[in-house]
Structure formats: structure tokens, C-alpha cells
Amino acid sequence: MAFLDIDCMCLHWALFGGQRCTRCKTPYQRCSSQDSLDEQAMVDYFKEVEIIQRSGDAETQEEVQLKVADEGEQEEAWLMEAGLATLFDESASDGEDSIALLSTLTRTQAAAVERRVETLKQTLRKRNKPYSVPDVREIFKPASQSNGAGPGTPGGGADAETDINLEVSFSEQALTYKEGLKVTQPQNEADDRLPDFRVSQDKTGQTRVGDLSAEDMKKVRRLVLIEMSALFDTCGIEVKAHKALKVRVRESGLFGVSLSTLLEQDQRRIPGTKVPLILQHLMSHIEEQGLDTEGVLRIPGAATRVKAVCHELEHKFYEGVFPWQSLKQHDAASLLKLFIRELPYPLLTVEYFSAFTSVLKLPTKKQQLQALNLLVLLLPEPNRDTLKALLEFFQRVTDHKDRNKMTLNNVAVVMAPNIFMCKGFRSKISEQQEFAMATGTANIVRLLVRYQNLLWTIPKFVLNQVRKHNMENQRKMHRDRAVKKLLKKMAYDRERASDKQEKNTEAEGGFIRVQAPQFSKVSMAVQLTEDLKASDVLTHFLSQERSPSVKREDLCLYEMGGNIKERCLDEETYITALLELNPSAEWVIKSVQH
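Note that the coordinates shown come from a computational prediction; the quantities given were computed from them, not determined experimentally. (Residues numbered from 1 in each chain as written. Predicted model: local features only at pLDDT ≥ 70, side-chain atom pairs only at ≥ 80, totals over all residues. Heavy atoms only, no water.)

*Asks:* I'd like a description of the overall build of the chain, backed by residues and values.
*Replies:* Assigned secondary structure in the chain consists of 23 helices and nine strands. Out of the 594 residues belonging to the chain, those deemed buried represent 52%. In the chain, 77% of the contacts between residues at least 6 apart in sequence involve partners at least 24 apart. As displayed, the chain offers around 28200 Å² of accessible surface, 49% of which is attributable to carbon and sulfur atoms. (Helix = DSSP H or I, 4+ residues; strand = E, 2+ residues; numbered from the N terminus. Buried < 20%, exposed > 50% of the residue type's maximum accessible area, 1.4 Å probe, protein only. Contact = heavy atoms within 4.5 Å. Areas by Shrake-Rupley, 256 points an atom, 1.4 Å probe, with all protein chains shown as cover.)

Here it is in C-alpha cells:
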């Protein structure tokens, strides 16, 4: 199952300090990136690999070799995923939407699309196949001339090395960095030297995964794919996507079952489940046993006992008769790691696995963090939710590091083999490559855990592009309506204009109208001031709502309509600032599901 080959059980370099191993007579050289993780931590990494190999689960797994997509095939799949299939297939049904999307792109994003269109054209030309790919100069003329780097300038707003600028495209920032000739090599720091990145406060509020409608999230994902590719392109890093795996997958059970199947099973029992119940139970059990236990996650359970418990869980978990009180903590930790390894498709997905492992090639820690932010947003929802639950759990483990001796480095090196050693990623590599892969994957896990609070944020520049995309679609819809609907539209517009005038008059008079259709207080006027925040609106609502069952933590003020479908506002959002961005928005208070 592993991509690492460890033939010598004395763990070569780790135990012999980079010298010749007396058992296998093979010389090993230290990698230049060794300082990123201390030697003892990397010993733990290879001990974990040895434990995985001795556990026997690798022998039962199907051997799969991943293949990189053929020339042109990768570009075609990329364009389809980005919602731009019409650029190579005139019969595609998303032509108008593609035009709206292209109109929002920055220069680096447009260059990323142009590069893939050109590659596809050259491939089709080599194969002497007929093609209808348009001239890229005509496609990107509007984008390259009008959008530039998006709002603000790449260097403005967040100049400090530890400030994260979410208002300007990451790839545009990378281009400015590159043009400034600030050439550095990626640096990896110890736990206490990882920088404390911060996001400057935005008066229009931060947007997190789950705050937007499904329709707008689809646009986010397309834009993020283009932006992620543009970031790697700008930094001169080529990322080869693998073909989707075709493996035999169990259709029921707990271990070796796909996340989608697991969640289907779980949602029949508990509607709304987002993280597999078995994983939730294992994490809860480890915590209930106490996170002060030294070596939690690192010390393995007894292999034969873990295998027996795994079999028992398969038969008793859903029946509710599994004896959790008898499950030892280290056994539970081994089962948690087994669950991750046994997933038939990688938690980080086949499609983006190479991109995740390429993150450390980016020249600065800030750019690495930006790339991880984009990659997390690209993950399918079940993978993203499961990853989030795991990272939050790992953070809680490291919070007890003074007692359990599990620092961020320790957790990262122990979990990296379990996350990255998955089906289809075996390969014969040199020992030098083996060590580089070990330190690299451990560092990626380290960044994921350390900066998890930032990774689920949707950058403002992406959200602004979604707003522009929506406005372009609305203009197109109004422009192309059939004549037979014109009179009805005009009557509707007059009615809306009247409502809007009334609404604007109310806003101009110093008030906004807030709707709350789910509650007894269905509508209220709130005085508009420069300092009015979403939290103030909720406080005002609760002071008037008569139902005692309504709790503050269950409420959210939504921005609805105008240039966004629906957005749950963070409580620090300033309403006046948001009105300037979306003057046609309506305000609705709804209950939210946690």
C-alpha cells in the first residue's frame, strides 16, 4: 500500500545518522531539508511506516498504479471541471455561463486558461483531429484588459510577511513577488517558529465554507481551480493530475468503504451527518480516555487485537452493541489510522494529490498556505468535512503536548504516512527521494494542522468574482428575454422598482428592513449607522422575539439577492460597508444547522 520501500528494518538513515547501515551496507546522505523536522521526529515517521507494513493490511489491498493523464487529456478534463468546456466543444451547454465566467478572470487566471487551451489545440493538431478551439487572443482580450489583479493592487493592504491578503488574487500577488525578484528557497520551521499568519479585518465580513448557497459554491469551486492552477503556473511549478482510480470498492461496512457510501449509510440513521459516524466515535473515545496519555496516536495498539476489534466493529457498530468501554485507547488510535488508510480513494483525492505534495515547492510559507487554502476549497464536501474533523482532533491532541509529548511535529510525522500512503501511490524511489517525500508529507500535515482556521476561508477576491459572475448572468438574462415576456417583465420590474424605491427610501432614511419569516417577529426595521454590525442586528432581533426557544448561536443574518444568492454573515460584518458592495441585498434572519 505504501509508496515507500523500507527493506532494512533498522530504518537506515534515521538510526544511523546518515551513515552506512551495517545491516544492508547502503550509504545514506542527509537531505538538505532535514532541519525542518528533528531527527527523532523522523524516526517516528519511519517507525509508523514499519508498523503499517507489519499490520498486514497492505497485503489485502489491491495493487493499483496511478497513471498521469495523456497529453491533451489533462487539459480537456481541466477545462470541463472549470466550467469552460465550450472552449473546445461548441456543443457544450454552458456557453453563456462560460462567457460570464471568463469576464471575471484576472490576468494570471486568464493566462492559466489560455495556456491549457493552447496546449489542447497543439495536441489536437498533432493528432490531425478536427477541432473548433477558438483563437485565445479573442477569448481573453476582455479579461486581460479589464480585470488586472482585481480590487486593489497586489502589493496593497497586506505587505507584512505574516499578513494574508484575501482581497487580491493569490496568483497576482505571486507575480508581483516574482517580478520584485524576491527569490528565496522554501523554509520550514519548528513548531515554535512557524509564523502567526493573520487576516486583516474586512468590514464586509469573512466568508467560510458553508456560508454560501450551493449554486454560488459551484462558481467558487470553478474559480478556485483556475486560481490554484494560475498560482502554480506563476511560480513555474508543473502539477500533473492523475487519472481517476478504478478500484473494486466495498458497498457497505466501515473500513475500506468510500466516504460517500459511509455517509449514505450514516444519514439514513442520523440525517445531516457530514463526518462518518465510526470516525466520530473513534475520536470521541480517544478523547474520553484522556488526551494526557503519553504517546497517544504514536504508540500502536496490539496488532492482533486491533484486527479482532475491527472485525467486531464491522458486525456490531450499527447495531449499537459494540462494547466501547472495553476498547483500549491505543487500539482506538490504531483503528482511526487504519480507517484513513483503508479508504479506497485518498482523503486528499486522486485528482489533487499531486498538487498537495507540490505545495512545498512554492517559494514562501505564505504562498504555501494560500495554495493549501485553495486546495481545501477544491476538495469534495465529504472529504473536506472529514479532513476538518481530523485536523480539529489533531489540534486538541497537541493542546495537551506538555503531558502527552505529542507536539505538532510529532502528530504530523505519525499521521503523514497514514494520510499519504494510500492505494495507487506505490512507486520505486531512491532513498534520497524517500526521505524527501517523508519530510515533505510530514510538513504538509504540519501546515494543515497549524493553519486550519485559515484554510476554510473563501478569499474575498473569489467572492467578488462570484458577485461579478452573477451580475453578468443577470444582465444576459434580462437582455435575451423573449419579446412575448417583455410586458410581463416590465410590469414585474415596475413592481420591483417600487419595492426597491421603498427599500432605498427606508435605507436613505436611516433604516434597513430585516425579514425573519421563520419566527414570530417576521419583520423589523433596524436603524442604520456606520457602526452597525450583523451581531447588533441579531441582538436587536432577540430583544423583540417572543419565542423562548430561540438561541443566539442558532441564528444567522443572511445577505440575500442582488449580486449573491445567499450568504450567512459573520457577526463582525458592517452592514453599511456591505450595502456599498451589494446595494440591492435583502436581509433575512434564519436558523442555522450546526
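*Asks:* Can you explain the nonpolar core? Please cite residues and give values.
*Replies:* Formed by 123 residues in total, the largest nonpolar core has its most connected members in Leu 313, Leu 335 and Leu 336. Residues in contact with Leu 335, not counting those within four places in the same chain, are Phe 255, Leu 282, Val 306, Val 309, Cys 310, Leu 313 and Leu 327. Of all hydrophobic cores here, the second largest spans 21 residues; its members include Met 524, Ala 534, Ala 585 and Ile 589. (Core = buried A, V, L, I, M, F, W, Y, C linked by side-chain atoms within 4.5 Å.)

*Asks:* Can you lay out helix α22 (residues 534-544) for me, pointing to particular residues and giving the numbers?
*Replies:* Of the residues making up α22, those classed as buried are Ala 534, Ser 535, Val 537, Leu 538 and Phe 541. Buried residues of α22 fall within an arc of 160° about the axis and therefore sit on the same side. The elements touched by buried residues of α22 are β5 (511-515), β6 (523-527), β7 (555-561), α23 (575-581) and β9 (586-591). (Arc of directions from axis to C-beta.)

*Asks:* Provide a residue-level description of the side chain of Asn 470, including the pertinent values.
*Replies:* The topology assignment puts Asn 470 in helix α20 (residues 460-479). If sequence neighbours within four positions are ignored, Asn 470 has contacts with Asp 216, Lys 219, Asn 563, Ile 564 and Lys 565.

*Asks:* Can you break down the state of the cysteines residue by residue, with the values?
*Replies:* Under the definition given, this model contains one disulfide. Covalently, Cys 556 is tied to Cys 568 through a disulfide, its sulfur atoms 1.9 Å apart. Its torsion about the S-S bond being 120°, the disulfide of Cys 556 and Cys 568 is classed as right-handed. Taken together, the residues span a long stretch of sequence, with Cys 556 in strand β7 and Cys 568 in strand β8 (residues 564-568) at a distance of twelve residues. Owing to a relative accessible area of 13%, Cys 568 belongs among the buried residues under this scheme. (Disulfide = S-S within 2.5 Å.)

*Asks:* Describe the environment of Ser 520, listing the residues and the values that go with them.
*Replies:* Mapped onto the elements of the fold, Ser 520 is located in the loop between β5 and β6. Under the relative-accessibility criterion, Ser 520 is labelled partly exposed at 38%. Separated by 25 residues in the primary sequence, Ser 520 and Glu 545 place their C-alpha atoms 6.6 Å from one another. Setting aside its immediate chain neighbours within four residues, Ser 520 contacts Glu 545, Arg 546 and Ser 547.

*Asks:* Just give me the short version of the sheet that holds β6, but keep the residues and values in it.
*Replies:* With mixed pairing, five strands are arranged side by side in an open sheet as β6-β5-β9-β7-β8. Here the strands that pair on one side only, and so sit at the sheet edges, are β6 and β8. Going from strand to strand, the sheet's axes swing by 30° on average, the running direction of each strand aside. When β7 meets β8, the two strands line up antiparallel, connected through four bridges. Counted as the bridge partner of Gly 561 is Ile 564 from β8. (Pairing = 2+ DSSP bridges. Axes fitted to C-alpha atoms, helices over the stretch in contact; angles between N-to-C directions.)

*Asks:* Tell me about the pairing of β9, residues and numbers included.
*Replies:* Strand direction decides the pairing type here: β5 and β9, joined by two bridges, are parallel. Within β9, the position partnered with Val 514 by the bridge is Trp 587. Sheet topology places β7 next to β9; six bridges connect them, and they run antiparallel. Within β9, the residue paired with Cys 556 across the bridge is Lys 590.

*Asks:* Any chance you could break down helix α3 (residues 73-81) for me, citing the residues and the numbers?
*Replies:* Among the residues of α3, Gln 74, Glu 75, Trp 78 and Leu 79 are the ones counted as buried. Viewed end-on, α3 has its buried residues packed into an arc of 130°, placing them on one side of the element. Downstream of α3 by a residue or two, Gly 83 has a phi angle that is positive, lying close to 75°.

*Asks:* Give me the packing of helix α5 (residues 107-126) against helix α7 (residues 170-179): which residues, what numbers.
*Replies:* For the pair α5 and α7, the least separation of the axes is 7 Å and the interaxial angle reads 100°. Here α5 is positioned roughly perpendicular relative to α7, judged by the angle of their axes. Where α5 abuts α7, its residues Arg 107, Thr 108 and Gln 109 lie against Ser 171, Glu 172 and Leu 175. (Parallel < 35°, antiparallel > 145°, perpendicular 65-115°, else oblique.)

*Asks:* Help me get a handle on the environment of His 400, residues and values and all.
*Replies:* Here His 400 is to be found in the loop between α15 (381-398) and α16 (401-404). Taking the relative accessible area as the measure of exposure, His 400 reaches 31% and is therefore partly exposed. The spatial distance from the C-alpha of His 400 to the C-alpha of Glu 294 is 9.5 Å, given a sequence separation of 106 residues.

*Asks:* How would you summarise unusual backbone geometry if you had to cite specific residues and measurements?
*Replies:* Peptide bonds are mostly trans, and most non-glycine residues show a negative phi. Backbone geometry at Leu 297 places phi at a positive 80°, although glycine is not the residue there. Take Leu 297: it is sitting in the loop between α10 (277-288) and α11 (303-316). One non-glycine residue, Lys 405, lies in positive phi territory at about 60°.

*Asks:* Requested: an account of the packing of α7 against helix α14 (residues 365-378), with residues and values cited.
*Replies:* Running from N to C, α7 and α14 point in directions that differ by 160°, and their axes come no closer than 11 Å. Classified by the interaxial angle, the pair formed by α7 and α14 is roughly antiparallel. The two elements α7 and α14 cross, and the hand of that crossing is left-handed. Counting all contacts with α7, which are made through Phe 170, Gln 173, Ala 174 and Tyr 177, the residues of α14 involved are Gln 367, Gln 370, Asn 373 and Leu 374. Here the residues of the contact of α7 with α14 are counted per class, giving four nonpolar, four polar and no charged. (Left-handed = near helix turned anticlockwise from the far one by under 90°. Nonpolar A, V, L, I, M, F, W, Y, C, P; charged D, E, K, R; others polar.)

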